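# Fold and geometry: a report
Residue-level listing of the chains:
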Amino acid sequence: MRPTWLFACVLAAAVPAQNADSKPADANAAKASPLERLRGAEEAARPKALAAFVDAQLATGAIFAGQYAALAELGWDPVPMLRMWLTEAPKDVAATPVMFREACIHALRDVVTEPSEALIEQLEKLAGDFLSPERLTSRAKYALYQFGKTEHVDKMLAAAKQQTEGAEVNTRLRGWTQLADIHYNVRDYAAAAAAHAKVIEIVEGLDPTWAGLPSSYYNCACSYALSGNKDEAMKRLARALELGKELDSPLEVSLLQSDMDIRSLRGEPAFAKLMQDYCGVEVGAAKQAAEEGTGGGKDGI
């Protein structure tokens, strides 16, 4: 969703030196992905393997719902380790402690369906910790909202909504921007899309040539896509690309190719046509539509 994210290659764990007597299995293990290594880890090695997996996800620069869903299928419970790291990140990870702890909250949201009282209490403590960074406490509040404890987010929504009714246009703009961000983070994507649409409306009334407009349209497209409204998502994406060209502020091709928020759009021929028209990139759906002479097809990039 956030067009300023940089989607880097997944962080690779350091590969230990191999001697002449190394077994082929060792070489295969070295080539395995962090998730594969985690799945095959013996009990004593699980903390290090889980930390490496979380680190690898952080290294992509992406954050999206379901990013850590594979942890629910390990055959063992990663929740105790994730909870432990909410308080203090491991010492040997590449990410900053705050980013790692933040990622653990995202992982818990993807894995936990019935939160324990202990987890709720831990998140409540973090949400109310004024000494912790705001980005960390807000993530705790979003997790609590998902787990049925809505008080913190309800207050955030009320404060943002009050700003949307302010007399000053900048106050209203700030309020709608905050509403869009909050709704997105609690995974209410239809409400997030509506808030982004209001942001666009206000910004276009102030300055239709603002260089950030393509990103605003793109964010709106992401939320529409996540809500299941592909038609509106495609319209907003098309406008984002059009404005990017007009205002010399184009969206990055790598973002369009990798952002999981718009994954539902990438198999559409209309998406492939946009990529060709505005980015000069030919993708699978466009090829298939051209070869079959139809507008159908669900192939991805």
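Structure: above.
Attention here is on the structure that accompanies the text. Along each chain, numbering runs from 1 in the same order as the chain's sequence is written. Side-chain atom pairs in this predicted model are given and counted only at pLDDT of 80 or more, local residue features only at pLDDT of at least 70, and totals for whole chains, interfaces and linings cover all residues. Think of the side-chain values as coming from all heavy atoms in the structure, minus any hydrogens and water.

## Considering the nonpolar core
In plain words, nonpolar cores are sets of buried Ala, Val, Leu, Ile, Met, Phe, Trp, Tyr and Cys residues tied together by side-chain atoms within 4.5 Å. Buried means the residue's accessible area, taken with a 1.4 Å probe over protein chains only, is under 20% of the maximum for its type, while exposed means over 50%, and partly exposed covers the values in between. By size, the foremost hydrophobic cluster in this structure holds 40 residues, and its most contacted members are Leu 38, Leu 71, Leu 82, Trp 85, Phe 100 and Leu 123. Contributing elements (two or more residues each) for this core: α2 (34-40), α3 (46-59), α4 (79-87), α5 (97-111), α6 (117-127) and α7 (134-146). Of the residues forming this core, the biggest block, 7 residues, is contributed by α5. Cys 222, Ala 225, Met 234 and Met 275 belong to the second-largest nonpolar core, a separate cluster that totals 31 residues. Comment: elements are numbered from the N terminus, with helices defined as DSSP H or I runs of at least four residues and strands as E runs of at least two.

## Digging into the packing of α4 against α5
Between two packed helices, what matters for the description is the angle formed by their axes and the separation of those axes. Two numbers describe how α4 lies on α5: the axes approach to 8 Å, and their chain directions differ by 145°. Note on packing geometry: the crossing formed by α4 with α5 is left-handed. Here Val 79, Leu 82, Arg 83, Trp 85, Leu 86 and Thr 87 of α4 come into contact with α5, specifically with Phe 100, Arg 101, Cys 104, Ile 105, Ala 107, Leu 108 and Val 111. Under the convention adopted here, Pro, Cys and the residues Ala, Val, Leu, Ile, Met, Phe, Trp and Tyr are nonpolar, Asp, Glu, Lys and Arg are charged, and Gly plus all remaining residues are polar. Partitioned by chemical class, the residues of the contact of α4 with α5 number 10 nonpolar, 1 polar and 2 charged. Angles here are taken between N-to-C directions and fall from 0 to 180 degrees, while the axes themselves are lines fitted to C-alpha atoms, restricted in helices to the stretch in contact. Take the far helix as your reference; a near helix turned counterclockwise from it by less than a right angle gives a left-handed crossing, and one turned clockwise gives a right-handed crossing. The contact criterion used throughout is that any non-hydrogen atoms of two residues lie within 4.5 Å.

## What to know about the packing of helix α11 (residues 213-227) against helix α12 (residues 230-246)
It is the contact of α11 with α12, at a shortest axis distance of 8 Å, that shows an interaxial angle of 165°. Considering their axes alone, α11 and α12 lie roughly antiparallel with respect to each other. You can see that α11 and α12 cross each other, and the crossing is left-handed. Here α11 contributes Leu 213, Pro 214, Tyr 217, Tyr 218, Cys 220, Ala 221, Tyr 224 and Ala 225 to the contact with α12, which in turn contributes Glu 232, Ala 233, Arg 236, Leu 237, Arg 239, Ala 240, Leu 243 and Gly 244. Roughly parallel covers angles under 35 degrees, roughly antiparallel covers those over 145, roughly perpendicular covers 65 to 115, and oblique covers all other angles.

## Examining the side chain of Gln 67
Take Gln 67: it is sitting in the loop between α3 and α4. Contacts described as polar in this section are N or O atom pairs within 3.5 Å, which, within protein, must combine one atom able to donate a hydrogen with one able to accept it, while residues neighboring in sequence count only if both atoms come from side chains. Side-chain polar atoms of Gln 67 contact the side chain of Gln 57, separated by 3.3 Å. Every residue in contact with Gln 67, bar those within four places of it in the chain, is listed here: Gln 57, Thr 60, Ala 62 and Asp 110.

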